[in-house]
Amino acid sequence: MRTVLDALEARYPMLRGTIRDQGTLKRRAFLRFFACEEDWSHEPMDKALPEVVAEGKEPLLVIGAIAGGS
Amino acid sequence: MSKVRVLVGTHKGAFILTSDAKRDKWEVSGPHFAGWEIYHMKASPVNPDRIYASQTSGWFGQVMQRSNDGGKTWEPVGNKFVYEGEAGTHQWYDGTPHPWEFKRVWHLEPSLTDAETVFAGAEDAALFKSTDGGTNWAELPGLRGHGTGPKWQPGAGGMCLHTVILDPKDVGRIYIAISAAGAFRTDDGGATWKPINKGLHSQYIPDPTAEVGHCVHHIAMNPARPGVLFMQKHWDVMRSDDAGENWTEVSGNLPTDFGFAIDVHTHEPETIYVVPIKSDSEHFPLDGQLRVYRSRTGGNEWEPLTKGLPQKDCYVNVLRDAMAVDQLEKCGVYFGTTGGQVYASADAGESWAPIVRDLPKVLSVEVQTLP
């Protein structure tokens, strides 16, 4: 996941700080990661993504938590 | 003919309202950044087409936006706000040490002389500066580091640096205010700072006249008289005639001296405006009557301004950065409410009319006077 997010932020610098905290690079609390219908939000950043995601056949989804907000 | 452009930050996006000098017919543009909290938008006085915006959300954090065409189009710029060095701690609500954590930018203050330079007041309280149009931000660490920082404590809305005032006659002098630490001043461009809270009295803190710990809600200054400041505090309206060295209370005959917003007439430096709010637990006008109060004597003697404002069943608030004045000959006064209305007066407050009624909660209002 880390390399995917690094590449995403390198290509789209305006996303820095919006998915991961600028300083700690930890996932922002109200963001969630999904891959192959599994919640990857609490997986270690350096854990290898499923092969189908790494091969570009399936996406890594970065989604704002469905929290009520105001 | 001159035009005015009102920049409105709301809980769910930004709106830009434009009119000619008559200020009776308005065009509404927006929502820009729909769904995001726009804490503040402000334009450069050097290049009125350059506008900066603070865009924030609980999901995605802080984004900074910049427009080069008066708000028609926007581009994201730098959003990295890092406390310099060892960030240290401030007091938490319970008095325990709490690490400094960046949450959002509350206020943007473009330089008076350079369109690429802009200051950002942040929560947790700190002052940042960019000299490249918002691409990069650096903290002015002397503020947190001057000695009182560890004693600062958040107010209910967070420990926010919400007011930044640049002295037009002294490039090194900047005033800032923090909820709930108080007011501070630098005379050397931000290298060193001092608290300027002498004369403030806050009964709810252990030492009511302490050097820091006062909940300053907002400060206003007329650029023609940079040493004269007006403050709306958590209770009390205050005045300083010596650049904040000393403050005196000027609440006078206000029906309640709690409130958030305060501003000064563009051409009459002794004419000030506040919106009295019932109390610190009931953030709405007294008796359901939305009244702006004006003093033409620099405080103490106040008159209610009600024409065109709802005088029954009105329970909105006006937040600290949600009032502004224009520079037209007949000074225009504007304010936005938590109920989503933006009111304008084209006659210095004698009469009011809503520009819009049904926006999301208004967080901030600024106005540009354009040639």
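Computed from a predicted structure; not experimentally measured.

## Side note on the overall build of chain A
Line of reasoning, step 1. Check the secondary structure of chain A and you find two helices and three strands.
Line of reasoning, step 2. Reading the helices (α) and strands (β) of chain A from amino to carboxyl end gives α-β-β-α-β.
Line of reasoning, step 3. Against the globule reference of 11 Å for 70 residues, chain A gives a C-alpha radius of gyration of 12 Å, in line with a compact fold.
Line of reasoning, step 4. Taking the principal axes of the C-alpha coordinates as reference, chain A spans close to 35 × 25 × 20 Å.
Line of reasoning, step 5. Across the 70 residues in chain A, those meeting the buried criterion constitute 14%.
Line of reasoning, step 6. Pairs at least 24 residues apart make up 45% of the contacts formed inside chain A by residues separated by at least 6 positions.

## Here's the deal with the overall build of chain B
Line of reasoning, step 1. Broken down by element type, chain B carries zero helices and 30 strands.
Line of reasoning, step 2. Taking 371 residues into account, the globule formula puts the C-alpha radius of gyration at 21 Å, and chain B, at 19 Å, falls close to it.
Line of reasoning, step 3. Within the span of chain B, comprising 371 residues, buried residues form 52% of the whole.
Line of reasoning, step 4. The long-range share in chain B, meaning contacts at least 24 apart out of those at least 6 apart in sequence, stands at 50%.

## Some thoughts on the sheet that holds strand E1 (residues 31–35) of chain A
Residue and element names in this part refer to chain A.
Line of reasoning, step 1. Ordered in space as E2-E1-E3, the three strands form an open sheet in which the pairing is antiparallel. Across the chains shown, the open sheet's two edge strands, defined by having one partner strand only, are strand E2 (38–39) and strand E3 (60–64).
Line of reasoning, step 2. Relative to E3, E1 is paired through five bridges, and the arrangement is antiparallel. By the bridge assignment for E3, Phe34 is matched with Leu61.

## Focus on the nonpolar core
A general feature of soluble globular proteins is that nonpolar side chains tend to end up buried together.
Residues and elements named next belong to chain B.
Line of reasoning, step 1. Counting residues in hydrophobic clusters, the biggest one holds 107 residues, and the most contacted among them are Ile219, Tyr334 and Val342.
Line of reasoning, step 2. Considering every element that reaches this core, the biggest residue donor is strand E15 (residues 174–179), with five residues.
Line of reasoning, step 3. When neighbours within four sequence positions are excluded, Ile219 is seen to be in contact with Thr163, Ile165, Tyr175, Ala177, Ala183, Leu229, Phe230 and Met231.

## So, the sheet that holds strand E19 (residues 229–233) of chain B
All names here are of chain B.
Line of reasoning, step 1. Taken together, the four strands give an open sheet; going across it, the order is E18-E19-E20-E21, and neighbouring strands pair in antiparallel fashion. Strand pairing shows two members of the sheet lacking a second neighbour, strand E18 (216–221) and strand E21 (248–249), which therefore form its edges.
Line of reasoning, step 2. Of the pairings in the sheet, the one linking E19 to strand E20 (residues 237–240) comprises four bridges and is antiparallel in character. For Gln232, the partnering residue across the bridge sits in E20 and is Val237.

## Looking at the interface of chain B and chain A
Line of reasoning, step 1. Each partner contributes residues to the interface: chain B has ten residues there, and chain A has twelve residues.
Line of reasoning, step 2. When residues in the side of chain B that touches chain A are grouped by element, the largest group, three residues, is from strand E6 (residues 61–67) of chain B.
Line of reasoning, step 3. Classifying every residue of the side of chain B that touches chain A by side-chain character gives five nonpolar, four polar and one charged.

## So, the confidence of the model for chain B
Line of reasoning, step 1. Here chain B averages 97 in pLDDT, while 100% of its residues score no lower than 70.
Line of reasoning, step 2. Here the prediction assigns the complex a pTM of 0.95, and the interface score ipTM is 0.83.

The rules we used
Residues numbered from 1 in each chain as written. Chains lettered and ligands numbered in written order. Predicted model: local features only at pLDDT ≥ 70, side-chain atom pairs only at ≥ 80, totals over all residues. Helix = DSSP H or I, 4+ residues; strand = E, 2+ residues; numbered from the N terminus. Rg over C-alpha atoms; globule rule 2.2 N^0.38 Å. Buried ≥ 20, exposed ≤ 12 C-beta atoms within 10 Å, placed from the backbone. Contact = placed C-beta atoms within 7 Å. Pairing = 2+ DSSP bridges. Core = buried A, V, L, I, M, F, W, Y, C linked by C-beta atoms within 7 Å. Nonpolar A, V, L, I, M, F, W, Y, C, P; charged D, E, K, R; others polar. pLDDT = per-residue confidence, 0-100.

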